[in-house]
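Structure at a glance
Each chain is listed here by its residues.
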Amino acid sequence: SARERTPHWPSYARGLKREAKRAAEEAEPDFEPLIDRAEGILDPYYRAQALVWIAREAISAGEEGSLLFRGAIEAAGEVLQEWRRAEILLQIAAEMTKAGRGDFGALLAAVEGIGSAEEREETQKAVIRRMARKGIDLPVPPPEAHPCPPSSGPSPEQKRTRTRRATASPVSSRSRRASSTTSPTTRRS
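Structural notes, computed from the coordinates. (Residues numbered from 1 in each chain as written. Predicted model: local features only at pLDDT ≥ 70, side-chain atom pairs only at ≥ 80, totals over all residues. Heavy atoms only, no water.)

What about helix α7 (residues 117-133)?
Test applied: Helix and strand assignments follow DSSP, with helices taken as H or I runs no shorter than four residues and strands as E runs no shorter than two, numbered in order from the N terminus. Take the number of residues in a helix, subtract one, and multiply by 1.5 Å to get its expected span. For this analysis, residues touch if any pair of their heavy atoms sits within 4.5 Å.
Over its 17 residues, α7 extends 24 Å from the first C-alpha to the last, a length consistent with the 24 Å expected when each residue adds 1.5 Å. Buried positions along α7 lie against α5 (82-99) and α6 (104-112). Once α7 finishes, Gly135 follows within two positions and takes phi at roughly 75°, a positive value.

Structural notes on the nonpolar core
What counts, and what does not: Nonpolar cores are built from buried Ala, Val, Leu, Ile, Met, Phe, Trp, Tyr and Cys residues. Side-chain atoms within 4.5 Å join them into one set. Summary of the burial criterion: residues with accessible area below 20% of their type's maximum are buried, those above 50% are exposed, and those between are partly exposed, where the area comes from a 1.4 Å probe applied to protein chains only.
One finds Phe31, Ile54, Leu89, Ile92 and Leu107 to be the most contacted residues of the largest nonpolar core, which totals 46 residues. Elements supplying a minimum of two residues to this core: α1 (9-24), α2 (32-39), α3 (44-60), α4 (66-77), α5, α6 and α7. Of the residues forming this core, the biggest block, 11 residues, is contributed by α3. Leave out the neighbours within four places in its chain, and Leu107 touches Ile73, Leu89, Ile92, Ala93, Met96 and Val127.

Regarding the packing of aromatic side chains
The following threshold applies: Note on aromatic contacts: the rings of Phe and Tyr and the six-membered ring of Trp form a pair at centre separations within 6.5 Å, being stacked when their planes are under 30 degrees apart, edge-to-face when over 60 apart, and tilted otherwise.
All told, the structure shown has 2 aromatic pairs when counted by the stated rule. With 5.5 Å between their ring centres and 85° between their planes, Trp9 and Tyr12 make a pair best called edge-to-face. Here Tyr12 and Trp9 lie together in helix α1, a separation of 3 residues that amounts to about one turn. Under the relative-accessibility criterion, Tyr12 is labelled partly exposed at 26%. Summarising the aromatic geometry, the rings of Tyr45 and Tyr46 are spaced 4.9 Å apart at their centres and angled 70° between planes, so their arrangement reads as edge-to-face. A single burial state applies to Tyr45 and to Tyr46, both of which are buried.

Let's talk about the environment of Gly15
Secondary-structure assignment places Gly15 in helix α1. Residues Gly15 and Leu34, 19 residues apart in the sequence, show an inter-C-alpha distance of 10.0 Å.

So, the packing of α2 against α3
Heads up, the condition is: Note on geometry: axes are lines fitted to C-alpha atoms, helical ones only across the stretch in contact, with angles between N-to-C directions running from 0 to 180 degrees. Between 65 and 115 degrees an angle is taken as roughly perpendicular, under 35 as roughly parallel, over 145 as roughly antiparallel, and anywhere else as oblique. Crossing handedness follows the turn of the near helix against the far one: under a right angle anticlockwise gives a left-handed crossing, and clockwise gives a right-handed one.
Following both chains from N to C, one finds α2 and α3 inclined at 165°, their axes separated by 8 Å at the closest point. Judged by the angle between their axes, α2 and α3 are roughly antiparallel. The chirality of how α2 crosses α3 is left-handed. Residues Leu34, Ile35, Ala38 and Glu39 of α2 form the contact with α3, whose own contacting residues are Arg47, Ala50, Leu51 and Ile54.

Everything listed is a geometric property; what it means functionally is a separate question.
Here it is as structure tokens:
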């Protein structure tokens, strides 16, 4: 029985990149067969890589490639090793910024999914730097998703802190007087 061979995914993805480049040069480019083949790549890292390369060439040929960028971001989310996920997200960021298109909010959300704080922060900074160099503004989250809604008075945490301070263990009258004279809230007439 003949075993079916699995393609070498890095070479396969690079081959799709070359074919996408040739397709972009045609009078009526057809990227659909390339997209289908890219979506069939079993390794999510190389699937994301192939999709992002096809998206870039499709955009250069005047086609809409934003959905391909989103597909690349989704594939990147499946990459198990965080350093590889960070690496492919940076590559997606590079191609999106070159194209000046794509869902940068989804890209930054994918970066937020990196578990290692150090890896996440480094990747986030690099993505934001790339966007800034190309004059692309950071996406603004919708008001209901904003972590700090407008406030009308002290937060519940601030109220609890005040309550804890008021009910703290008694302090000698001498230290209370000393702290009250140096307090920034003390008014002098």
